[in-house]
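A closer look at the structure
Letter by letter, the chains look like this.
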Amino acid sequence: GTEGEAIVRVALNGQQFTETTLSVRFLGLHAPEIVSARFAPRTNTLRITFDPQGTDRAGQGGAVFACALVLDDATVSVLRGVASVTPQCFWEDYFTLVAQISVGTAATGGMRVATRANALRPLGWIADSKYANTSIAVDADYPCGRSGLRSLCAQPVAVLRGPARISV
């Protein structure tokens, strides 16, 4: 397949009734691309979703591993923040990478998430090419996604506890 322009003809019951030129983007076996990055509603994980082609999961299977095997140094540094532990990741499936976030992280809406060079390939690809080199920004206004105009992030709630009356 190639990318570019193609003439498309539409016919119904052998009767051609329209012809137009469309732009075509070939999506055969290709380097994985990040299509979204968002925090879980409780903001304890960052879910990074790749296009539906599937990835080789950087050879990690379903085990927990250091995020630095898949994500670039800048992303790992933001995930780590001032925490003393190295950020850990796991693959939920062939196209969803989950980064565990600890206290002290600098991760926030608007942060850039990028893959490490030469770490992630399409599922089933064994040659030394088609590595992911992709990045995306976490939505600054709706970092957990949204439903209509409502953020899906868990909202903090202040609960006051104590006696109903301080003095008589």
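Figured I'd write up the structure that's included with this text.

Reading guide: rules and limits
- Residues numbered from 1 in each chain as written.
- Predicted model: local features only at pLDDT ≥ 70, side-chain atom pairs only at ≥ 80, totals over all residues.
- Heavy atoms only, no water.
- Helix = DSSP H or I, 4+ residues; strand = E, 2+ residues; numbered from the N terminus.
- Buried < 20%, exposed > 50% of the residue type's maximum accessible area, 1.4 Å probe, protein only.
- Polar contact = N/O pair within 3.5 Å; in protein donor to acceptor, adjacent residues only side chain to side chain.
- Contact = heavy atoms within 4.5 Å.
- Pairing = 2+ DSSP bridges.
- Phe/Tyr/Trp six-rings, centres within 6.5 Å; stacked < 30°, edge-to-face > 60°.
- Lys NZ or Arg CZ within 6 Å of the ring centre and 35° of its normal.
- Disulfide = S-S within 2.5 Å.

Regarding the side chain of Asp 72
Residue position: Asp 72 is located in the loop between β5 (65-66) and α1 (73-80). On the accessibility criterion, Asp 72 (15% relative accessible area) is buried. Of note is the side chain of Asp 72, whose polar atom sits 2.6 Å from the side chain of Thr 75. Beyond its immediate sequence surroundings of up to four residues, Asp 72 is in contact with Arg 112, Ala 114, Thr 115 and Arg 116.

Regarding the sheet that holds β5
In spatial order, the strands read β3-β4-β7-β6-β5; together these 5 strands make up an open sheet with antiparallel pairing. The open sheet has two edge strands with one neighbour each: β3 (34-39) and β5. Sheet topology note: the strand β6 (residues 88-93)/strand β7 (residues 96-100) ladder contains 5 bridges and is antiparallel. Across the sheet, Trp 91 pairs through a bridge with Leu 97, a residue of β7.

Some details on the packing of aromatic side chains
In this structure the tally under the stated criterion is 1 aromatic pair. With a centroid separation of 5.8 Å and an interplanar angle of 40°, the aromatic rings of Phe 50 and Trp 91 are classed as tilted. One end of the pair, Phe 50, is in strand β4 (residues 45-50); the other, Trp 91, is in strand β6, and 41 residues separate them in sequence. Between Arg 57 and the ring centre of Tyr 94, over which it is positioned, the NZ or CZ distance is 4.2 Å.

Remarks on the state of the cysteines
Inspection of every chain in the model, using the stated rule, returns 1 disulfide. Residue pairing for Cys 67: its cysteine sulfur links by disulfide to Cys 89, the two sulfurs lying 2.0 Å apart. Here the S-S torsion is close to 105°, and the disulfide linking Cys 67 with Cys 89 is therefore right-handed. Within this pair, whereas Cys 67 is found in the loop between β5 and α1, its partner Cys 89 is found in strand β6, the two being separated by 22 residues in sequence. There is no split in this pair, since Cys 67 and Cys 89 are both buried.

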